[in-house]
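The lines below spell out each chain.
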Amino acid sequence: MTAEPPPRPAPELGPEFEFGAESGLGAADGGFEVEAEAEERAADPGDLERALAEILAFLRRRITGEYTVDEHGFDVDLTEHVVAPLLRPIYRSYFRVETRGLENIPDQGGALVVSNHSGAIPMDALMTAVAILDHHPAHRHLRMLAADLVFAVPFLAPLARKTGNTLACQADAERLLGAGHLVGVWPEGFKGIGKPFSERYKLQRFGRGGFVSAALRAGVPIVPCTVVGAEEIYPMIGNSRTLARVLGLPYLPITPTFPWLGLLGLVPLPSKWIIEFGEPVDTAGYTSAAADDPMLVFELTDRIRETIQHTLYGLLMQRRSVFF
């Protein structure tokens, strides 16, 4: 009778054959567990259910009238649940906006945001409003002072009112600031957004400083805001002035894509944006009478303009690419 040979020891498995939380195979192949979790998240209907519930809740409020509109026509419910969700993909994925200096915007109380203006179509104002609403700790609404033309367009005028815009006049600015709202103004106006591409990032004249007078009377800080990237969304290489006068427009841009590509030429180029809010200019130390001092108003207006222009130069030096 022959003795059985002793059992051979089982071969040791290397880490590449081990399973579990520290599995080398999982790491090598992307991770079975990680993939399973990703598939579970993708298949999880939670996000879809929440989105559907929000839509139904919004429709219920519209039907029952359970929403408020202020004296200027601002509809917070419509802005937060319809307009903002439409703009967020453009902000995050298309222009890939990088926002800096939000700590310079107060959490409460009146303040005036003053920004450069560019891009043929005022997308910079919309992106600035989304940046503050989504990323500021207080999620504040930016009440924008818009040009007369905005309120002369039949379909655009009511939407502008409902999203918090009001006429760019000193009376409305003072009323909003005095009520503790965050107000945005683009003093270059049509001169800024309608300038040729050869003059990009060169600030135009800031008007007569009416925005400074409004801030002085309300005693609120002035926050300079600088936007880089908007100049390239519609490079304006020409201006059809005759047709613009016929249509009642301040300008009619000609770009490398419009009107040559038709409606496709209206799609903005996907430039990379930076929005930076600078240190606020405090006006609390001035009396309300200072708003009637033309020299002081001019000095503060020029200081804010120079601050934005120098910040533009600095950000352009840091930028590595227009689109990346």
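Before going into details, it helps to say that this report is about the structure given with it. No experiment lies behind these values; they were computed from the predicted model shown. (Residues numbered from 1 in each chain as written. Predicted model: local features only at pLDDT ≥ 70, side-chain atom pairs only at ≥ 80, totals over all residues. Heavy atoms only, no water.)

Overview of the overall build of the protein
Counting its regular elements, the protein contains 11 helices and nine strands. Here the protein holds 324 residues, and 39% of them are scored as buried. Sequence separation of 24 or more characterises 74% of the internal contacts of the protein that already satisfy a separation of 6 or more. When the accessible surface of the protein is summed, it comes to about 18,400 Å², and 61% of that surface belongs to carbon and sulfur atoms. (Helix = DSSP H or I, 4+ residues; strand = E, 2+ residues; numbered from the N terminus. Buried < 20%, exposed > 50% of the residue type's maximum accessible area, 1.4 Å probe, protein only. Contact = heavy atoms within 4.5 Å. Areas by Shrake-Rupley, 256 points an atom, 1.4 Å probe, with all protein chains shown as cover.)

Details of a nonpolar patch on the surface
Where nonpolar side chains cluster on the molecular surface, the patch consists of Leu52, Ile55, Leu56 and Leu59 and spans about 380 Å² of accessible area. Among the secondary structure elements, Leu59 is positioned in helix H3 (residues 46–64). On the basis of relative accessibility, which here comes to 43%, the residue Leu59 falls in the partly exposed class. (Patch = residues over 30% accessible without salt bridge, like charges linked within 9 Å, V, L, I, M, F, W, Y side chains within 5 Å. Salt bridge = Lys/Arg side-chain N within 4 Å of Asp/Glu carboxyl O.)

Section: the sheet that holds strand S9 (residues 274–277)
Within a sheet, adjacent strands bond to each other through the backbone by hydrogen bonds, running parallel or antiparallel. One open sheet accounts for seven strands, arranged S1-S9-S6-S2-S5-S3-S4; its pairing is mixed. Of all strands in the sheet, those with a lone pairing partner are strand S1 (98–100) and strand S4 (166–167), marking the two edges. The pairing of strand S3 (residues 142–146) with S4 spans two bridges and is parallel. Within S4, the residue paired with Leu145 across the bridge is Thr166. (Pairing = 2+ DSSP bridges.)

So, the packing of aromatic side chains
For any pair of aromatic rings, the description rests on two quantities: the centre-to-centre distance and the angle between the ring planes. Tallying each qualifying case throughout the model produces four aromatic pairs. Ring centres 4.5 Å apart and planes at 20° place the aromatic pair Phe95 and Trp273 in the stacked group. Within this pair, whereas Phe95 is found in the loop between helix H4 (76–94) and S1, its partner Trp273 is found in the loop between strand S8 (253–254) and S9, the two being separated by 178 residues in sequence. You can call Phe95 buried: its relative accessible area is 0%. Considering the side-chain rings of Phe206 and Phe211, the 6.2 Å spacing of their centres and the 75° angle between planes classify their relative orientation as edge-to-face. Overall, the relative accessible area of 4% leaves Phe206 in the buried class. Following the ring pairs from residue to residue traces out a cluster consisting of Tyr94, Phe95 and Trp273. The ring of Phe151 carries Arg161 above its face, with NZ or CZ at 4.6 Å from the centroid. (Phe/Tyr/Trp six-rings, centres within 6.5 Å; stacked < 30°, edge-to-face > 60°. Lys NZ or Arg CZ within 6 Å of the ring centre and 35° of its normal.)

Let's talk about the pattern of salt bridges
Tallied over the entire structure, the rule returns 17 salt bridges. For Asp75, the salt bridge is made with Arg62, and the minimal N-O distance between the two is 2.7 Å. Of this pair, Asp75 sits in the loop between H3 and H4 while Arg62 sits in helix H3, placing them 13 residues apart in sequence. For Asp75, a relative accessible area of 0% corresponds to the buried category. Among the ionic pairs, Arg88 bridges to Asp134, the shortest N-O distance being 2.7 Å. Of this pair, Arg88 sits in helix H4 while Asp134 is found in helix H5 (residues 123–135), placing the two residues 46 residues apart along the sequence. On the basis of relative accessible area, Asp134 is assigned to the buried category, the value being 16%.

Remarks on helix H11 (residues 294–318)
Taking 1.5 Å of rise per residue, the 25 residues of H11 would be expected to cover 36 Å, and the 36 Å separating its terminal C-alpha atoms lies within 8% of that figure. Considered for burial, the residues of H11 that qualify are Leu296, Val297, Leu300, Thr301, Ile304, Ile308, Gln309, Leu312 and Leu315. Where H11 is buried, its residues touch S1, strand S2 (111–115), helix H9 (210–218), strand S6 (222–228) and S9. By the N-cap criterion, in which a side-chain oxygen at the helix start approaches the backbone nitrogen of a residue two or three places on, H11 is capped by Asp293, the distance to Met295 being 3.1 Å. (Expected span 1.5 Å × (residues − 1). Polar contact = N/O pair within 3.5 Å; in protein donor to acceptor, adjacent residues only side chain to side chain.)

Points about unusual backbone geometry
Following Phe258, the chain continues to Pro259 via a peptide bond in cis, the omega torsion being 5°. Counting through the fold element by element, Pro259 comes out in the loop between S8 and S9. The backbone phi angle of Arg96 is positive, close to 45°, even though this residue is not glycine. Under the relative-accessibility criterion, Arg96 is labelled partly exposed at 25%. Of note in the backbone geometry, Ala120 takes a positive phi value of approximately 70° without being a glycine. Structurally, the position occupied by Ala120 is in the loop between S2 and H5.

Let's talk about H4
Here H4 is 19 residues long and its end C-alpha atoms lie 25 Å apart, about the 27 Å a rise of 1.5 Å per residue gives. Where H4 bends most, at Ala84, the angle is about 45°, and the proline Pro85 comes one to four residues later. Those residues of H4 lying buried are Asp77, Leu78, Thr79, Val83, Ala84, Leu87 and Tyr91. Of the surrounding secondary structure, the elements contacted by the buried residues of H4 are H3, S1, H5 and helix H6 (156–162). For H4, the capping residue at the N-terminal end is Asp75, with a side-chain oxygen 3.2 Å from the backbone nitrogen of Asp77. (Bend = angle between axes of the 7 residues up to and from the residue.)

Here's the deal with the environment of Arg217
Among the structural elements, Arg217 can be located in helix H9. Spatially, the C-alpha atoms of Arg217 and Ala284 are 9.6 Å apart, while their sequence positions differ by 67 residues. Setting aside anything within four residues of it in sequence, one finds Arg217 in contact with Gln170, Glu174, Ser288, Ala291 and Asp292. At 2.5 Å, the side chain of Arg217 and the side chain of Asp292 are in polar contact.

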